[in-house]
Amino acid sequence: MITVSDKAKEKVEKLMQDAELDATYRLRASVAGGGCSGLSYKLDFDNEVKPMDQEFEDKGVRVVVDMKSFLYLAGTQLDFSDGLNGKGFFFDNPNASRTCGCGESFSV
């Protein structure tokens, strides 16, 4: 499962509202090759669920993940920071053995 912190929930809801997205949209989390540590996180809104997608709901936020990405993201919590050290979403991923300084890429 992928969980969502309270701060991430608030930000996701605001972004969906600002973009005027309806309830058919979900937050799609995925992993792609790249970044300084080898794998990069990706977030987007999507209103399609593909046959092999895994779908979770936490705190009212629906998260969709393709099966390949789920192998890397299982147990991850999505959080949001707006502090002085950076603003944006970040992943607390128990599967990552190494992350880059900016937190946007990782390796297992």
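To start, this report covers the structure provided alongside it.

Conventions adopted
- Residues numbered from 1 in each chain as written.
- Predicted model: local features only at pLDDT ≥ 70, side-chain atom pairs only at ≥ 80, totals over all residues.
- Heavy atoms only, no water.
- Helix = DSSP H or I, 4+ residues; strand = E, 2+ residues; numbered from the N terminus.
- Buried < 20%, exposed > 50% of the residue type's maximum accessible area, 1.4 Å probe, protein only.
- Salt bridge = Lys/Arg side-chain N within 4 Å of Asp/Glu carboxyl O.
- Phe/Tyr/Trp six-rings, centres within 6.5 Å; stacked < 30°, edge-to-face > 60°.
- Expected span 1.5 Å × (residues − 1).
- Pairing = 2+ DSSP bridges.
- Core = buried A, V, L, I, M, F, W, Y, C linked by side-chain atoms within 4.5 Å.
- Contact = heavy atoms within 4.5 Å.

### Looking at the side chain of Ser30
Link 1 in the chain: Along the chain, Ser30 turns up in strand S2 (residues 26–33).
Link 2 in the chain: According to the relative accessible area criterion, Ser30 is buried, its value standing at 13%.

### Concerning the pattern of salt bridges
Link 1 in the chain: A complete count under the given rule lists eight salt bridges for this structure.
Link 2 in the chain: Between Asp82 and Lys7 there is a salt bridge; the shortest N-O distance is 3.0 Å. One end of the pair, Asp82, is in strand S6 (residues 77–83); the other, Lys7, is in helix H1 (residues 6–18), with 75 residues separating them in the sequence.
Link 3 in the chain: Overall, Lys7 belongs to the partly exposed group, its relative accessible area being 39%.
Link 4 in the chain: Asp46 serves as the salt-bridge partner of Lys50, at 3.9 Å between the closest nitrogen and oxygen.

### A closer look at the packing of aromatic side chains
Note on aromatic pairs: each is described by the distance of the centres and the angle between the planes.
Link 1 in the chain: With the rule as written, the count across this model stands at three aromatic pairs.
Link 2 in the chain: Ring centres 5.1 Å apart and planes at 65° place the aromatic pair Phe80 and Phe89 in the edge-to-face group.
Link 3 in the chain: For Phe80, a relative accessible area of 9% translates into the label buried.
Link 4 in the chain: We classify Phe89 as partly exposed; its relative accessible area is 28%.

### Description of H1
Link 1 in the chain: With 13 residues, H1 extends 18 Å between its outermost C-alpha atoms, agreeing within 8% with the 18 Å of an ideal straight helix rising 1.5 Å per residue.
Link 2 in the chain: Among the residues trailing H1, Glu20 stands out with phi positive, at a value near 55°.

### Brief notes about the pairing of strand S5 (residues 61–65)
Link 1 in the chain: Taken across its five residues, S5 has four buried, putting it largely inside the fold.
Link 2 in the chain: Bridge analysis of S2 against S5 gives three bridges, and the strand direction is parallel. The partner of Ala29 across the bridge, within S5, is Val65.
Link 3 in the chain: Taken together, the five bridges between strand S4 (residues 54–58) and S5 define a ladder with antiparallel strand orientation. Bridge pairing in S5 places Glu55 opposite Val64.
Link 4 in the chain: Counting the residues that bridge the hairpin from S4 to S5 gives two residues, and of these Lys59 lies at a positive phi of roughly 60°.

### Points about the nonpolar core
Link 1 in the chain: Counting residues in hydrophobic clusters, the biggest one holds 19 residues, and the most contacted among them are Ala29, Val63, Val65, Leu73 and Phe91.
Link 2 in the chain: Contributions of two or more residues to this core are made by H1, S2, strand S3 (39–46), S5, helix H2 (67–73) and S6.
Link 3 in the chain: When near neighbours in sequence (up to four residues on either side) are disregarded, Val65 contacts Ile2, Arg28, Ala29, Asp53, Gln54, Phe70 and Leu73.

None of this, on its own, says anything about what the molecule does.
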